[in-house]
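The chain contents come next:
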Amino acid sequence: MKYIGKKLITLIMTLFLVSVAAFLAFQIIPGDVVTSILGTEATPEREEQLRQELGLDKPPVVRYFAWAADVLRGDLGVSYRYSKNMNEMMPVAELIGDKLPVTLWLAAVSMLLIIGVSIPLGVLWARSSNHFLDGLLGVITQASMAVPSFFLGILVTYLFGILLKLFAPGGYISYQENFSGFLGYLFFPAMSIAVPKIAMTARFLRNSMLTELRADYVRTAYSKGATKRRVMYRHVLRNAMMPVVTFLGMIIAEIVAGSIVIEQVFSLPGIGRLLISSISTRDFPVVEILILYITFVVIFVYFLVDILYRVIDPRISEA
Amino acid sequence: MIRIENLSVAFDGAEVVKNVSLDLVDGEVLGVVGESGSGKSVTALTLMGLVSESAQITSGRVLFDDVVLQEAGKPRDQALYRRYQGAQMSMIFQEPMTSLNPTQRVGRQVEEMLWLHAEHRPQGPWKHASDALLMSGRRTGQKEEFRTRVLEAFHAVGLRDEERVYASYPHQLSGGMRQRVMIAMALILHPRLLVADEPTTALDVTVQNQIIALLRKINSKQNNAMLFITHDLNLARRLCGRIAVMKDGQVVELGETEEIFRHPRQEYTKRLMEAVPSRMKKRTWAAGMTPDSSVPVVRVHDLSVFYQDGSNSLFAQKKKQCVVADASFEIYPGESLGLVGESGCGKTSLSKAILGMNRDIRGEIVSNTIRPQMVFQDPYSSLNPTKTIGWLLQEPLRAAGALDQSKAMTRADMEAAAYDMLHRVGMEDKYFHRKPSQLSGGQRQRVSIGQALITHPGLVVADEPVSALDVTIQAQIMELMRRLQQEMKLAYLFISHDINVVYQMCDRIMVMKEGRIIEVGETEKLFRAPREEYTRELLSSS
């Protein structure tokens, strides 16, 4: 309990520092929001008016605290660029709320694939005394790790979309209208994300298990008359998972923060694409919230990894 | 019952076990004694079917009750072996710290032995899955029965509070308790053969004694045969009816224990016995110094050493722990002061404080010499592997020169001093340009000693300097340390867990327990009439 409290304080402090840093960054980087919205042809009066509407005439410190107070109250502000209808700008909460499920579901399907495939594969690889299998897996994983993800996305689109016609490339189905169709479409981008990660995780797990196999307790388990399979799954796997869990945590954080390239290739309206477009249009309220979101995700995932550590290895919780 | 016939085992073509023949009958205790690399462990692992797959049996066979377990030229039949492993023959290992799975409760680990050899284990294509279900406790009746048996086994090996032990993870138990758990696990199915590979080497002396007593008790009660592997001749003598002495993969001598001790036939056996430090023997090394009124090299007065809690947090108050409390003693020029006590008693913390490596202290350390130097236990990891011996020997001189300009020496002078030191520690010139990896353990320890002595300190702190070495090398290093002591008027603070080594080496002995110095005395006197009960226990243990 005390531990969770400590982590919570760290989380809040980090979020505060990051939000200040992000805010400051937008003061420093060149480019004016007003100019970018109105274009260079606008009259100075119109510019001044918009500046006041957006509250940009006040000093940065005042603006930061006004914004922070709003966020704490749950009001995330409105976008500078996206409009809801003719008269209203789009609230950031609504904008992100719309895109978040896409990214989260994509992350969920990818993680399911990664964990479901890489762990049995890693164990199989560590067990293989067969040199051919060992070498084959080595080559396959090496190749999968080396392929850049956009290219993998194109390959998957070509192979499964155009040749095998398992899905319609570019035919994104919104989760609001047809959820199972949405998941079916999502499977392919998820696969493009998962393949290199599966290769890395499996390789990682294999190495970790091979190290662990030299441990004394493995010999003890064999001396009891246990089979190789049993030793692998019952004794070695859990101990070998420690470094792998960290690695999986890194992957989760990366995917949940939005896979920019894959979302682009498969034209998924997710967080990654929103982030790119908001940065390029200086849609500051959106970017600021996205940065906080990503920070939160990363810290939260590492917190989960920490908890998982304690579950896996009883020695840690007492240290 | 067990016959090893003419067994040879090779790794990558190099034979490490050569034509070994041993046999054991029920109830017999056979000791296998040898130095590291003698092939004793490989022999035991081969017998147990645990030697790694890269090992090849090049000749001979292993039989259990006339059943051939393995034979030269045939692959090991794992299925056959698994029926014997654990049920008919089981093994306990040297390192109780690492021989248990750190992430599983010890009760479950012992219970696994029962599951693995239970009669009605599932068969068929789904056997792995149904096995896992069984283990997770679906058939509660059997689970309860197994649990009771494990608790009984814990009780039988002298573990009290069995329920708590059952639910503990290995790191929550002490080394002695873990070794008891290992023994309970090995014996729960009443195997006819127990292979014990240095089962007490990693334990504190008093615990060592208890484990040996336990093994002996079990042996007389269950009448199981035991193959006892050790480097310690004294230990083998206390426990074994017969002894096989191994050297370079061969059994050089085999016979009744007392017969071997009284009339060793082989030269090697004789040398081995002479090298073993023992209280039976005359103290050849101790100089017989008596502290006179001369000025001590170091005087420690009311010294307490603290240790800061390692937790690195913004929020928690750092906790301080007192690891050495109110220590007072002197070390005189030319004497060896032994420091004994169990692990965790504060020996190392005390020595670090004297060396000035721990500043969180209270009390007084008055030194009448230049900065004391240290010799470490592990000669393999305490020398920088990328540097040459010559460079390593000069390093303390460079450091001294950097600290104090007046002590700075020219390059040529430093080199000359390094060569001189190389000779003093009994090594030839040619080693000057070699790297540590090209040296044997004994040679490395000589270099470590040379490093410590090259600045001519009045005091050297030696932390278990011979514990990682084989007995014959051990004797040479002790000899060397004694000679250098006389030549250079050195004082040693000699830390060791081995009472016999301390007896041979030290003029006075200081006993530590739980951070306090409970007794100091001249070696002979202390051995003859220890004042404290704890000292008596410590001394009687080997």
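To be clear, the structure that these remarks concern was listed above.
Summarised in this report is the structure supplied together with it. (Residues numbered from 1 in each chain as written. Chains lettered and ligands numbered in written order. Predicted model: local features only at pLDDT ≥ 70, side-chain atom pairs only at ≥ 80, totals over all residues. Heavy atoms only, no water.)

## Points about the overall build of chain B
For chain B, the count of helices and strands is 19 helices and 19 strands. For chain B, the spread of C-alpha atoms along the principal axes amounts to about 80 × 55 × 45 Å. A total of about 24,300 Å² of accessible surface is found on chain B, and carbon and sulfur atoms cover 48% of it. (Helix = DSSP H or I, 4+ residues; strand = E, 2+ residues; numbered from the N terminus. Areas by Shrake-Rupley, 256 points an atom, 1.4 Å probe, with all protein chains shown as cover.)

## A few points about helix H10 (residues 228–256) of chain A
The largest bend along H10 of chain A reaches roughly 50° and is located at Val 236 of chain A. Trailing H10 of chain A by a residue or two, Gly 258 of chain A shows a phi angle of about 105°, which is positive. (Bend = angle between axes of the 7 residues up to and from the residue.)

## What about the sheet that holds strand E14 (residues 361–367) of chain B?
Residue and element names in this part refer to chain B. Judged by pairing direction, the sheet is antiparallel, and its three strands sit side by side in the order E12-E11-E14 without closing on themselves. In the strand order of this sheet, the two ends are held by strand E12 (320–331) and E14, each with one partner. On average, adjacent strands in this sheet sit at an angle of 25° to one another, irrespective of strand direction. The sheet contact formed by strand E11 (residues 298–308) and E14 spans six bridges and is antiparallel. What sits directly across from Val 298, in E14, is Ser 367. Its contacts with the sheet put helix H12 (residues 347–355) on E11, E12 and E14, and the angle it makes with E12 is roughly 65°. (Pairing = 2+ DSSP bridges. Axes fitted to C-alpha atoms, helices over the stretch in contact; angles between N-to-C directions. Contact = heavy atoms within 4.5 Å.)

## Points about the pattern of salt bridges
Residue and element names in this part refer to chain B. In this structure the tally under the stated criterion is 33 salt bridges over all chains. With a closest N to O distance of 2.9 Å, Glu 5 and Arg 61 form a salt bridge. Highlighted residues: Glu 5 in strand E1 (residues 2–11) and Arg 61 in strand E4 (residues 55–64), separated in sequence by 56 residues. For Glu 5, a relative accessible area of 25% corresponds to the partly exposed category. In this structure Arg 61 comes out as partly exposed when scored by relative accessible area, which is 29%. As a salt-bridge pair, Glu 145 and Arg 149 come within 3.8 Å of each other at their nearest N and O atoms. Taken together, the positions of Glu 145 and Arg 149, both in helix H5 (residues 140–156) and four residues apart, correspond to about one turn of that helix. Given the relative accessible area of 31%, Arg 149 is considered partly exposed. Here the salt bridges do not stand alone but share partners, grouping Arg 3, Glu 5, Arg 61 and Asp 66 into one network. (Salt bridge = Lys/Arg side-chain N within 4 Å of Asp/Glu carboxyl O. Buried < 20%, exposed > 50% of the residue type's maximum accessible area, 1.4 Å probe, protein only.)

## A few points about unusual backbone geometry
What is expected of a backbone is that most residues other than glycine have negative phi and most peptide bonds are trans. Located in the positive-phi region is Ser 267 of chain A, a residue other than glycine, with phi close to 40°. Counting through the fold element by element, Ser 267 of chain A comes out in the loop between helix H11 (260–265) and helix H12 (271–280). Here Ser 267 of chain A falls in the partly exposed class, since its relative accessible area comes to 27%. Although it is not a glycine, Asp 248 of chain B sits at a positive phi angle of roughly 50°. Note on placement: Asp 248 of chain B falls in the loop between strand E9 (242–247) and strand E10 (250–256).

## Some words on the side chain of Gln 208 of chain B
Inspection of the secondary structure assignment puts Gln 208 of chain B in helix H8 (residues 205–222). A distance of 2.9 Å separates a polar atom in the side chain of Gln 208 of chain B from the backbone oxygen of Thr 200 of chain B. (Polar contact = N/O pair within 3.5 Å; in protein donor to acceptor, adjacent residues only side chain to side chain.)

## Some thoughts on the environment of Leu 45 of chain B
Looking at where Leu 45 of chain B falls in the secondary structure, it is placed in helix H1 (residues 40–48). As a C-alpha pair, Leu 45 of chain B and Val 195 of chain B span 150 residues in sequence and 9.0 Å in three-dimensional space.

## Topic: the sheet that holds strand E17 (residues 491–495) of chain B
All names here are of chain B. Strand order in the open sheet formed by six strands is E15-E16-E17-E13-E18-E19, with mixed pairing between adjacent strands. Here the strands that pair on one side only, and so sit at the sheet edges, are strand E15 (373–375) and strand E19 (516–522). With direction set aside, neighbouring strand axes in the sheet form an average angle of 20°. The sheet contact formed by strand E16 (residues 459–463) and E17 spans five bridges and is parallel. By the bridge assignment for E17, Asp 463 is matched with Ile 495. Running over the sheet, helix H16 (residues 471–488) touches strand E13 (336–340), E16 and E17 and is turned about 155° from E17.

## A few points about the interface of chain A and chain B
Taken together, the contact between chain A and chain B spans 23 residues of the former and 34 residues of the latter. Of the roughly 2,700 Å² buried between chain A and chain B, counting both surfaces, carbon and sulfur atoms make up 55%. Taken together, the links from chain A to chain B amount to two salt bridges. Here Glu 112 of chain B ties to Arg 230 of chain A by a salt bridge, and the two come within 2.7 Å at their closest N and O atoms. Taken together, the connections running from chain A to chain B amount to 13 residue pairs in polar contact (both at pLDDT 80 or more). Of all the elements in the fold, those that place two or more residues in the side of chain A that touches chain B are helix H1 (2–28), helix H9 (216–223), H10 and helix H14 (314–318) of chain A. Considered class by class, the residues forming the side of chain A that touches chain B number six nonpolar, six polar and eleven charged. (Buried area = accessible area lost by both parts, 1.4 Å probe. Nonpolar A, V, L, I, M, F, W, Y, C, P; charged D, E, K, R; others polar.)

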